[in-house]
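# Residue-level structural notes
Listed below, chain by chain, are the residues.
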Amino acid sequence: MAPAAFAPAPAPVLPVTPTRYPQFWRAPGLPAWRPIVAALVGAVLFLVVSTVVTLVAVFVEADMTGTDLIDLINSMAGGSFTPGIVFANSLGLALLVPVAFLLGRIAGQRPGYLSSVVGHFRWRWFWPAVGVALVGIALYTGISVLIDGVDSLGLQIFPYSWWLFLGLMLVTPFQAAAEEYLLRGVLLRTVGSWIPSDRVAFVVAAVVSSGVFMSLHAASDPWLNVFYFTMGMLLAWLTWRTGGLEAAVAVHVANNMIGMAFVPFQDIDALFDRGEGAGSPAVLIQLVFVAAIVVVVELMARRRGIEAAGPRQ
């Protein structure tokens, strides 16, 4: 018998026929319970990491500003946030990127297969998708500003503006990627792996993951919930049609980077109000732009021959 150090590595547990992204954990030799365990572990780690980071930020904020700790917690519960809490929220999510790869391993596959059906993150495909998404979101933002006027943004310089701007620009790409890996990655696959039909698996998994995506934003305004749910469905569609998370991450990163770039220069207390009346039918305009980006990116994926099913034989 060969020494353990020279024993061949076990073969990865992969589908034996070309399989689209949502069903990729539906493979011979991969027990159906493993994706569920991965999803449950992910939910626990999400709560732990986000809670710890937020609590650290709250204690630091209270110490630096001299604010009573209970008053600060109560104001957060009421939807009032400080610059430090805003940054901590994004940082907490960003730290979940390596957690997502751990969950892929728990599910029974090499972590690279969580990025795409070819087993790795396709950077050469990601950057063109980022370019299209940035142009589309920037165009929507520019038109909105032209219609509403620059004054509608309420831009001004605060004592925290520049450090918060730098911090958000550094962590937001990872925050957006973490949301994609956990929701359009782990959760989409966990649900899809239980359903034999490709199309049914996509629809059910997309609805479930989009519903969770909407719920995590904790909005009580119906228009905001329409936006979050539809955004989730569009990103799930891109993941299904392109065989990986690269395009969805690109759109999410572009959307959040442009949105977060304004946050340090606006009144933070008024920005994160998601109560009833905070949204309006105007969100449908943004969704039209996002849908157009999705269409262009998918067409570009077809022209580039991006593999929508795997693994490579």
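Residues numbered from 1 in each chain as written. Predicted model: local features only at pLDDT ≥ 70, side-chain atom pairs only at ≥ 80, totals over all residues. Heavy atoms only, no water.

So, on to the UniProt feature "transmembrane region" (unreviewed entry) in the protein. Residues given the UniProt feature "transmembrane region" (unreviewed entry) here are residues 36–60, 80–104, 125–147, 159–178, 199–216, 222–240, 247–266 and 278–297. In this annotation, residues 222–240 is assigned 100% helix and 0% strand; the end-to-end C-alpha distance for the span is 27 Å. Along residues 278–297 one finds 75% helix and 0% strand; the C-alpha atoms at either end are 31 Å apart. (UniProt positions renumbered as here; feature names shortened; annotations may be inferred. Helix = DSSP H or I, 4+ residues; strand = E, 2+ residues; numbered from the N terminus.)

Mean pLDDT for the protein: 90, with 90% of residues reaching 70 or above. When the criterion is pLDDT under 50, residues 6–10 qualifies, and its contacts beyond four places in sequence or with other chains add up to zero contacts. (pLDDT = per-residue confidence, 0-100. Contact = heavy atoms within 4.5 Å.)

In this structure the tally under the stated criterion is five salt bridges. Taking the shortest distance from any N to any O, the salt bridge between Arg241 and Glu298 comes out at 2.8 Å. Of this pair, Arg241 sits in helix H9 (residues 222–242) while Glu298 sits in helix H12 (residues 283–304), and the two are 57 residues apart along the sequence. (Salt bridge = Lys/Arg side-chain N within 4 Å of Asp/Glu carboxyl O.)

Here we come to the packing of aromatic side chains. Within this structure, the stated rule accounts for 17 aromatic pairs. Their ring planes at 70° and their centres at 5.1 Å tell us that Trp162 and Phe265 sit as a pair that is edge-to-face. Note that Trp162 is positioned in helix H7 (residues 161–192) and Phe265 in the loop between helix H10 (246–262) and helix H11 (268–271), a separation of 103 residues in sequence. Since its relative accessible area comes to 54%, Trp162 is described here as exposed. Among the aromatic side chains, those forming a connected cluster through ring pairs are Phe121, Trp123, Phe126 and Trp127. (Phe/Tyr/Trp six-rings, centres within 6.5 Å; stacked < 30°, edge-to-face > 60°. Buried < 20%, exposed > 50% of the residue type's maximum accessible area, 1.4 Å probe, protein only.)

The subject of this paragraph is unusual backbone geometry. The peptide bond linking Gly310 to Pro311 adopts the cis configuration, its omega dihedral lying at 5°. Tracing the chain through its elements places Pro311 in the segment after strand E2 (309–310). Despite not being glycine, Ala218 shows a phi value in the positive range, around 50°. Mapped onto the elements of the fold, Ala218 is located in the loop between helix H8 (198–216) and H9.

It is at 10 Å that the axes of helix H6 (residues 123–148) and H12 come closest, and there the two elements cross at 155°. In terms of orientation, H6 lies roughly antiparallel with respect to H12. Seen from above, H6 lies across H12 with right-handed handedness. Contacts between H6 and H12 pair Arg124, Trp125, Pro128, Ala129, Val132, Ala133, Gly136, Ile137, Leu139, Tyr140 and Ile143 from the former with Ile285, Gln286, Phe289, Val290, Ile293, Val296, Val297, Met300, Ala301 and Arg304 from the latter. When its residues are assigned to classes, the contact of H6 with H12 shows 17 nonpolar, two polar and two charged. (Axes fitted to C-alpha atoms, helices over the stretch in contact; angles between N-to-C directions. Parallel < 35°, antiparallel > 145°, perpendicular 65-115°, else oblique. Left-handed = near helix turned anticlockwise from the far one by under 90°. Nonpolar A, V, L, I, M, F, W, Y, C, P; charged D, E, K, R; others polar.)

Residue placement: Glu180 occurs in helix H7. Judged by relative accessible area, which is 0%, Glu180 ranks as buried. Ignoring anything within four residues of it in the chain, the contact list for Glu180 reads Gly185, Leu235, Leu245, Ala248, Val249 and His252.

Relative to the 38 Å expected for 26 residues at 1.5 Å per residue, H6 spans 37 Å between its end C-alpha atoms, a close match to the ideal helical length. For H6, the full list of buried residues reads Trp125, Phe126, Ala129, Val130, Ala133, Gly136, Ile137, Tyr140, Thr141 and Val145. Buried residues along H6 sit in contact with H9, H10 and H12. (Expected span 1.5 Å × (residues − 1).)

UniProt tags residues 162–258 as "domain: CAAX prenyl protease 2/Lysostaphin resistance protein A-like" (unreviewed entry). With 87% helix and 0% strand, residues 162–258 has end C-alpha atoms that lie 16 Å from one another.

The exposure class assigned to Phe265 is buried, which follows from its relative accessible area of 12%. Between the C-alpha atom of Phe265 and that of Leu155, which follows or precedes it by 110 residues, the distance is 5.1 Å. The contact partners of Phe265, leaving out residues within four places of it in the chain, are Gly154, Leu155, Gln156, Ile157, Phe158, Ser161, Trp162 and Phe165.

This part is about the packing of helix H4 (residues 97–107) against H7. What describes two packed helices is the angle between their axes and the distance between those same axes. Packing of H4 against H7 leaves a shortest axis separation of 8 Å and a crossing angle of 25°. Between H4 and H7, the angle falls in the class roughly parallel. Handedness of the H4/H7 crossing: left-handed. Residues Val97, Ala100, Phe101 and Leu103 of H4 form the contact with H7, whose participating residues are Phe174, Ala178, Tyr181, Leu182 and Val186. Classifying every residue of the contact of H4 with H7 gives nine nonpolar, no polar and no charged.

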